[in-house]
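Next come the chains, spelled out residue by residue.
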Amino acid sequence: MSSLSASEPSLHAGTVGAAPTGSEAQRAEGAAVESTEATPPTATSPVAISVRDLHIHYRVSLDRRPTLKGALVNLGKSVERYRTIRAVEGLSFDVAHGQVMGVIGANGAGKSTLMRAVAGILPPTQGEIEIWGKVSTLLALGVGFNSALTGRENVTLGGLAAGLTRDEIREKFDEIADFAELGDFIDMPMKTYSSGMYSRLAFAVAVHMDPDILIIDEALSAGDAHFKKKAGAKMNELVGKARTMLLVSHGLGTIKEMCDEVIWMHKGKLIRRGDADTVIAAYTRFLNVGESALSLEDF
Amino acid sequence: MSSHSVRVAGDEYLGEHHIYRPHRAGLPPLGSYVRELWRRRHFALEMTQSQMRAANTSTSLGRLWLVLNPLLLSGVYYILLFIVGSGKNVDFAQITSGLFFFTFLSTTILSGTGSVTSGGNLILNMSFPKALLPFSSTYLAFRRFLPTMLVYAVIHVLFHRPITFTLLWAIPTLVIGTLFAVGLGMLFATMQVYFRDTVNFLPYFIRIWLYLSPVLWTAEAFAQSHEKYLRLAELNPLFPIFGVWDDALTGHAPSLVQLLVGTLWGVGAFVLGGLFFMSREREFAVRL
């Protein structure tokens, strides 16, 4: 999409200091506001995800556990018991159908909040998100799974949770089981699984849901090196089928390899968007770690 | 639908279209909410069945406990009432029928209350109508209630209670009671998100409610012995519901007034509890 092209200048990363705070970073954030104008989709590039001036603020309780007893005890006292977190501030971008968009940024940048908002889990405080297509999320592994049940039963449960019908799950079951490479373990309770086996099955269920839009948050680290390779190949296959993907990862290698375009977020704001190489280079300079082998590694 | 969708219409992937806008406290569009709820019913049923299976595999007594537990409780209350009442007017069949029904209602309320906070993993990672959680826990409570009704059927016959068409009144009473309990469950589930000790207070209220309702005693006996408190007792929503339940099981046609009042409580609690729940459910993910 032209609106997301790398040539759109938003920030000269070279000028940004190493620390994420300070005047340089503030300048970066200031520049980002200017660069986040909403761009309407055009007839030639069908839009799958359109985020327009998205703000997400939420209040977190400072109590260890909000209780009625606590509320009654503090009644009438002007104690500040909440803090407002501005997780996403004024984000606008479009993702075209078939595009793989990577999202990078330091911890606390608002990446996961953005993913949850696009998935319809977190409500926007301001702005609007418009989605065309069936969304499948891989935000956490094994959502809806019950570890007392067998892998086979959990495939059904996970599939139904993702909105598939029983027939569709039956149809896909062999493919999922083969992909997860669990062998006889598929009929054992999942509490007997190693964490790698658990992740493999969860990943297998998520990628076989036939989504139009796949939202993945740090899930590629499922399993061992062999499975990672297989997972990567499966993702590439999905991309090949013109699936839209939103991918959050700290593994810059994965992002570089898979994404057409990358968004760099910092403290809830969009700092830069563009092609993977340019944005990653800017981001790594910002972090002052350089494109070392370490930063390209999936953790 | 905005103009965007018009521009991209015709594309094969446009099966679904969502717009997420700020609405923290408002109600979601009810039509699509109910449709989505219906679409996900298989998941709710499977979740319930998986919980039943998981519970049954963890203990070999499993299913037997579902029956033994309320039966033992009935035995305890029978002994208690026998001692307190010096052996007068204590009817084991009446105690079991009331207690089994009450156990179902209180389980529905309590499990509904905890359903949202214990479903945190689902809520944080999946977009779905959250009413699915209390509905699923209600279905689980119902599945656990059914075997106790079989036990009651045996007791009903053993104690020579009448087998007449009035027994059929038990079915609408069950529906009314369930609506009432689900409504309260949804109300408390919302409260539980804001105040995590709600579920700790509830068992005490429910225990007091048990003693204040015609579960272990009958409405008729109460009317005779405490006539001046009758008006007050009738304010209890469970008074008409258990009144009709007892009438149905003892071969009496239920009072239409009690039936009407009970229905109003049931439907009222369901609608209000449901609306309150739905109006707040978009905030659940933020609060969990």
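## Description of the confidence of the model for chain A
Averaged over all residues, the pLDDT of chain A equals 76, while 77% of them reach at least 70. This model gives residues 1-44 of chain A a pLDDT under 50, and the stretch forms 80 contacts once residues within four places in sequence are excluded.

## Notes on the domain arrangement of chain B
Residues and elements named next belong to chain B. Splitting chain B by domain gives domain 1 (1-39) and domain 2 (63-287). Spacing between the C-alpha centres of domain 1 and domain 2 amounts to 37 Å. Each side of the interface is counted separately: domain 1 has twelve residues, and domain 2 has 15 residues. Both sides together, the interface formed by domain 1 and domain 2 hides about 1100 Å², and carbon and sulfur atoms give 63% of it. Between domain 1 and domain 2 we count zero salt bridges in total. Where domain 1 meets domain 2, there are three residue pairs in polar contact (both at pLDDT 80 or more). With four residues, helix H2 (residues 30-39) is the single largest residue contributor to the side of domain 1 that touches domain 2. Class assignment for the residues of the side of domain 1 that touches domain 2 results in seven nonpolar, two polar and three charged.

## Focus: a nonpolar patch on the surface
Residues and elements named next belong to chain B. On the surface, Leu 27, Leu 30, Val 267, Val 271 and Leu 275 cluster together into a nonpolar patch covering about 370 Å² of accessible area. Considering each element in turn, the nonpolar patch owes the most residues, three residues, to helix H13 (residues 256-280). One can find Leu 27 in the loop between strand S1 (17-20) and H2. When its relative accessible area of 40% is taken as the criterion, Leu 27 is described as partly exposed.

## A short note on the packing of aromatic side chains
Tallying each qualifying case throughout the model produces 24 aromatic pairs over all chains. Between Phe 179 of chain A and Phe 227 of chain A, the aromatic rings sit 5.6 Å apart at their centres with planes inclined by 70 degrees, giving edge-to-face as the arrangement. In this pair, Phe 179 of chain A sits in helix H5 (residues 166-180) while Phe 227 of chain A sits in helix H7 (residues 225-240), placing the two residues 48 residues apart along the sequence. Exposure class is identical for Phe 179 of chain A and Phe 227 of chain A. Each is buried. Between Trp 217 of chain B and Phe 239 of chain B, the aromatic rings sit 6.5 Å apart at their centres with planes inclined by 50 degrees, giving tilted as the arrangement. Of this pair, Trp 217 of chain B sits in the loop between helix H9 (198-212) and helix H10 (219-225) while Phe 239 of chain B sits in helix H12 (residues 238-249), placing them 22 residues apart in sequence. Of the aromatic side chains, those joined through ring pairs into one cluster are Tyr 78, Phe 82, Phe 92 and Phe 159 of chain B. When the ring centre of Phe 227 of chain A is taken as origin, the NZ or CZ atom of Arg 200 of chain A, which lies over that ring, is 6.0 Å away. The cationic tip of Lys 230 of chain A hangs over the ring face of Phe 179 of chain A; the distance from NZ or CZ to the ring centre is 4.8 Å.

## Focus: the sheet that holds S1 of chain B
Sheet strands line up and pair through hydrogen bonds in the backbone, either parallel or antiparallel. Reading across from one edge, S2(A)-S1(A)-S4(A)-S1(B) is the order of the four strands in this open sheet, with antiparallel pairing throughout. The strands lining the two open edges of the sheet, one partner per strand, are strand S2 (82-96) of chain A together with S1 of chain B. Strand-to-strand twist across the sheet, computed as the mean angle between neighbouring axes with direction ignored, equals 20 degrees. Relative to strand S4 (residues 126-132) of chain A, strand S1 (residues 47-61) of chain A runs antiparallel, the two being bridged by five bridges. Bridge pairing links Val 51 of chain A to Ile 129 of chain A in S4 of chain A. Against the sheet, helix H3 (residues 111-118) of chain A contacts S1, S2 and S4 of chain A together with S1 of chain B, and its axis sits at roughly 120 degrees relative to S1 of chain A.

## Observations concerning the interface of chain B and chain A
Facing the 45 residues of chain B at the interface are 54 residues of chain A. Counting every contact that joins chain B to chain A gives two salt bridges. With a shortest N-O distance of 2.3 Å, Glu 128 of chain A and Arg 21 of chain B are connected by a salt bridge. Looking at the side of chain B that touches chain A residue by residue, the classes come out as 18 nonpolar, 13 polar and 14 charged. In terms of strand pairing, S4 of chain A meets S1 of chain B through four bridges, oriented antiparallel. Its bridge partner lying in S1 of chain B, Ile 131 of chain A is registered against His 18 of chain B.

## A few points about the nonpolar core
Within the largest apolar cluster, 108 residues are counted, with the highest numbers of intra-cluster contacts made by Ile 49, Leu 54, Ile 104 and Leu 201 of chain A together with Phe 43 of chain B. Considering every element that reaches this core, the biggest residue donor is helix H6 (residues 195-207) of chain A, with eight residues. Inspection of this core shows a minimum of three residues originating in each of domain 1 (1-39) and domain 2 (63-287) of chain B. Setting aside its immediate chain neighbours within four residues, Phe 43 of chain B contacts Leu 157, Leu 160 and Ala 161 of chain A together with Leu 122, Met 126 and Leu 132 of chain B.

## Let's talk about the sheet that holds strand S6 (residues 213-217) of chain A
Residues and elements named next belong to chain A. Taken in spatial order, the six strands make up an open sheet running S5-S6-S7-S3-S8-S9, and their pairing is mixed. Sheet topology places strand S5 (135-138) and strand S9 (269-275) at the edges, where each strand pairs with a single neighbour. Put simply, the sheet's adjacent strands are angled 15 degrees from each other on average, direction ignored. Two strands pair when backbone bridges link them, and strand S8 (residues 261-266) and S9 are joined in this way by six bridges, in the antiparallel orientation. Looking at the pairing, Met 265 lines up with Leu 270 of S9. This element, H6, spans S5 and S6 of the sheet and lies at about 165 degrees to S5.

## Let's talk about the packing of H6 of chain A against H7 of chain A
Residues and elements named next belong to chain A. Two numbers describe how H6 lies on H7: the axes approach to 11 Å, and their chain directions differ by 5 degrees. Taken as axis vectors, H6 and H7 run roughly parallel relative to one another. Where H6 abuts H7, its residues Arg 200, Phe 203 and Val 207 lie against Phe 227, Ala 231, Lys 234, Met 235 and Leu 238. Looking at side-chain class alone, the contact of H6 with H7 contains six nonpolar, no polar and two charged residues.

## Thoughts on helix H9 (residues 276-287) of chain A
Residues and elements named next belong to chain A. Look at H9: 16 Å from first C-alpha to last across twelve residues, which is about the 16 Å you get at 1.5 Å a residue. Every buried residue of H9 is listed here: Ala 276, Val 279, Ile 280, Ala 281, Ala 282, Tyr 283, Thr 284 and Phe 286. One or two residues past the end of H9 sits Asn 288, with phi positive at roughly 60 degrees.

## What about the packing of helix H7 (residues 132-158) of chain B against helix H8 (residues 170-194) of chain B?
All names here are of chain B. As a packed pair, H7 and H8 sit with axes 10 Å apart at the nearest point and diverge in direction by 140 degrees. Put simply, H7 runs oblique to H8. Between H7 and H8 lies a crossing whose hand is right-handed. Across the interface between the two elements, Pro 134, Phe 135, Thr 138, Phe 142 and Phe 145 from H7 touch Leu 174, Thr 178, Val 182 and Met 186 from H8. Taken together, the residues of the contact of H7 with H8 break down into seven nonpolar, two polar and no charged.

The rules behind the values
Residues numbered from 1 in each chain as written. Chains lettered and ligands numbered in written order. Predicted model: local features only at pLDDT ≥ 70, side-chain atom pairs only at ≥ 80, totals over all residues. Heavy atoms only, no water. pLDDT = per-residue confidence, 0-100. Contact = heavy atoms within 4.5 Å. Domains from an automatic or database assignment. Buried area = accessible area lost by both parts, 1.4 Å probe. Salt bridge = Lys/Arg side-chain N within 4 Å of Asp/Glu carboxyl O. Polar contact = N/O pair within 3.5 Å; in protein donor to acceptor, adjacent residues only side chain to side chain. Helix = DSSP H or I, 4+ residues; strand = E, 2+ residues; numbered from the N terminus. Nonpolar A, V, L, I, M, F, W, Y, C, P; charged D, E, K, R; others polar. Patch = residues over 30% accessible without salt bridge, like charges linked within 9 Å, V, L, I, M, F, W, Y side chains within 5 Å. Areas by Shrake-Rupley, 256 points an atom, 1.4 Å probe, with all protein chains shown as cover. Buried < 20%, exposed > 50% of the residue type's maximum accessible area, 1.4 Å probe, protein only. Phe/Tyr/Trp six-rings, centres within 6.5 Å; stacked < 30°, edge-to-face > 60°. Lys NZ or Arg CZ within 6 Å of the ring centre and 35° of its normal. Pairing = 2+ DSSP bridges. Axes fitted to C-alpha atoms, helices over the stretch in contact; angles between N-to-C directions. Core = buried A, V, L, I, M, F, W, Y, C linked by side-chain atoms within 4.5 Å. Parallel < 35°, antiparallel > 145°, perpendicular 65-115°, else oblique. Expected span 1.5 Å × (residues − 1). Left-handed = near helix turned anticlockwise from the far one by under 90°.

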